[in-house]
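Each chain is listed here by its residues.
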Amino acid sequence: MTTDRHPDNNIPDGSDNPVPSGGTEHDPVPPDFTVPAGRPAGPTGPPAGTAPDASATPDTSAQWQHTAPFGAATPDARPAPTDAHGPHPYATSPLGQPYPGPAATGQLPPGPPPFSPMTTMAPPPGGPRRSSMKPIIATALIAGLLGGAVALGGSALVGHTTGSAPQLGAPAAATAAPAQPGSVTYAAQAASKFTADIEVSAGQGTAIGSGIVLSPDGYVLTNNHVVAGVGDGATIRVTTADQKTYAGSVVGTSPSYDLAVVKLANASGLPAAALGNSDGLQVGQQVVAVGSPENLSNTVTSGIISNLSRTVTAGDEQGSQVTVYNGLQTDTAINPGNSGGPLVNLSGQVIGVNSAVDTGSDSQGGVQAFGLGFAIPVNTARRVANELLADGHATKPVLGVTGSLQDTDTGATTGGGTAGARVTGVQSGSAADAAGISAGDVITKVGDERVTGYADLMAQILTHQPGQTVPVTVSRGGQERTVTVKLGSAVDTAQTTVPSTRGTR
């Protein structure tokens, strides 16, 4: 399954965000217009005592004219995004941005583009700004007020001018019961307290993502791709739920698991997240995501767990290899800016770190997909975060075999072969070598999880810990057998990738 990785809105320098208009002023009163004697100014009907002319055309000079539906914001027109630091490791299509608004002809814009959960934008002239969505919000508010004016004008035109206007009563006293554990409301309130906004500014642009506060003194967990562009001259600013902003620095990163830890300077007393147990999740279980999609802080969405173990793959720009990892699948809306934010259960416990979305084949002119979000299981995130906190780097398990997508798609599934991951090579002295796995073998299961291809194999290996003993099912000559493999260990300095063709690494 190919996904787009946010994160996360990337707009080159020099871009602007014009504020769309929600409507225009009404037509001016003609200079030769006079009010007939005995009639008040305005389109309220004929003079007193005069029967209305049924054939007359209603006076519409005082009606408002508009070019867009009242109360609806027009998407801001901005250029197609580019990534300031090269393609995101988990992006296979352009990072998502709103399409340009309606043209002067009144034509509607095309449907929404694909996107990935972290948002990146270039700083506007005069310095960075906090939210690129404020112009749209402001326009919607103004348009709504104009809509009210239109309603009043319509009421006057039909002559409802007699009698006294009704008076609306005072609002009823608030009677909402306190949120209880087990509700979406409780989960949203709990998660919002430990969710942070992360802004990484560099010369090429600004990356926007989310984070999870791990400790009162300001250690924050986020996605590696949120902070991957940090280099000389780049700055990290983290805003917590109390709207305080801190300078941040990267403690360590784990590219294979798309995780990173950031430390906030001089932070204390921050609400820390409660980490749950992703091993106990069930398909259909309700979950809540919190983050900053499109830089809208503390946005809450809810849905369910759709799958407990999904191989997530993302191609590189050249199409020579794909990056893989194993994730939870959810239909909870995960949008640009959600990257690194929490996915929580209804007790407010973190059960995943939001990371990616699959937008289907819309970017290639095909069908767009919805409700396909992915999160890194919290049990994996807990282990990796503890290693990063301890010494600034994390480890990953190693099997010690080679293969490719080509071997998976053809050699392992056609010609009477066994579906699985065909091994094209085994590293001498590796865990696979010690277990008796040979070139030409087809691995069909890791533990209890079925393996249908080489990407599956790599993703399933990553769900285990370095040094862990794992049963691996191998097919050789049509006969299956299970061997015990003690996985090796390596420092995680680069993403785990799978070559697209034989002979590539």
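Refer to the structure printed above.
Computed from a predicted structure; not experimentally measured. Going along each chain's sequence as written, the residues are numbered from 1 onward. The predicted nature of this model means local features are confined to residues of pLDDT at least 70 and side-chain atom pairs, given and counted, to a pLDDT of 80 or more, with totals for whole chains, interfaces and linings taken over all residues. The basis for every side-chain value is the complete set of non-hydrogen atoms in the structure, without hydrogens or water.

S.K.: Can you help me understand the overall build of the protein chain in this one?
M.R.: Looking only at helices and strands, the protein chain features seven helices and 24 strands. Burial status across the protein chain gives 45% buried among its 505 residues. Each accessible area is a Shrake-Rupley result for a 1.4 Å probe, and residues are judged covered by the shown protein chains and nothing else. Accessible surface for the protein chain amounts to roughly 23,300 Å². Of this, 55% is attributable to carbon and sulfur atoms. The numbering of helices and of strands both runs from the N terminus, where a helix is a DSSP run of H or I of at least 4 residues and a strand a run of E of at least 2. When a residue's accessible area, from a 1.4 Å probe over protein chains only, is under 20% of the maximum for its type it is buried; when over 50% it is exposed; and in between it is partly exposed.

S.K.: Mind showing me how you'd approach the nonpolar core here?
M.R.: Soluble globular proteins: nonpolar side chains tend toward being buried together. Here, nonpolar core means buried Ala, Val, Leu, Ile, Met, Phe, Trp, Tyr and Cys residues that are tied together by side-chain atoms lying within 4.5 Å of each other. Phe-194, Leu-221, Leu-259 and Leu-264 are the most contacted members of the largest nonpolar core, which has 43 residues in total. The contact criterion used is simple: two residues touch if any of their non-hydrogen atoms lie within 4.5 Å. Setting aside residues no more than four positions away along its own chain, Phe-194 makes contact with Gly-211, Ile-212, Val-213, Pro-271, Ala-272, Ala-273, Ala-274, Pro-342, Val-344, Gly-348 and Val-350. Judged by nonpolar contacts, the second largest core, of 25 residues, contains Leu-399, Ala-431, Ala-435 and Ile-437.

S.K.: Quick question: what am I supposed to make of helix α7 (residues 454-462) here?
M.R.: Every α-helix carries 3.6 residues per turn, so stepping three or four residues along brings you back to the same face. When you tally the buried positions in α7, you get nine out of nine residues, the bulk of the element. The complete set of buried residues in α7 reads Tyr-454, Ala-455, Asp-456, Leu-457, Met-458, Ala-459, Gln-460, Ile-461 and Leu-462.

S.K.: Whenever I open this one, the side chain of Thr-473 confuses me. Can you help?
M.R.: Inspection of the secondary structure puts Thr-473 in strand β21 (residues 469-476). A distance of 3.5 Å separates a polar atom in the side chain of Thr-473 from a polar atom in the side chain of Thr-482. Excluding residues that lie within four positions of it along the chain, Thr-473 makes contacts with Val-442, Ile-443, Thr-444, Lys-445, Glu-480, Arg-481 and Thr-482. As used in this structure description, the phrase polar contact means that two N or O atoms lie within 3.5 Å; if the pair is within protein, one of them must be able to donate a hydrogen and the other to accept it, and residues adjacent in sequence are counted only when both atoms belong to side chains.

S.K.: When you look at the pairing of strand β3 (residues 195-202) in this model, what are you seeing that I'm missing?
M.R.: Regular strands place side chains that alternate from one sheet face to the opposite one. Along β3, eight of the eight residues are buried, which leaves the element largely enclosed by surrounding structure. In this structure, the hairpin formed by β3 and strand β4 (residues 205-213) is closed by a connection of two residues. Criterion used throughout: strands pair if DSSP finds at least two bridges between them. Pairing of β3 with strand β6 (residues 235-239), which is carried by five bridges, proceeds in the antiparallel orientation. The residue bridging Glu-199 from the neighbouring strand is Arg-237, located in β6.

S.K.: What am I meant to see in the environment of Gly-420 here?
M.R.: Tracing the sequence through the fold places Gly-420 in the loop between α5 (405-411) and β17 (421-422). Judged by relative accessible area, Gly-420 falls into the buried class, the value being 0%. Counting along the chain gives 30 residues from Gly-420 to Arg-450, while the straight-line C-alpha distance between them is 8.2 Å.

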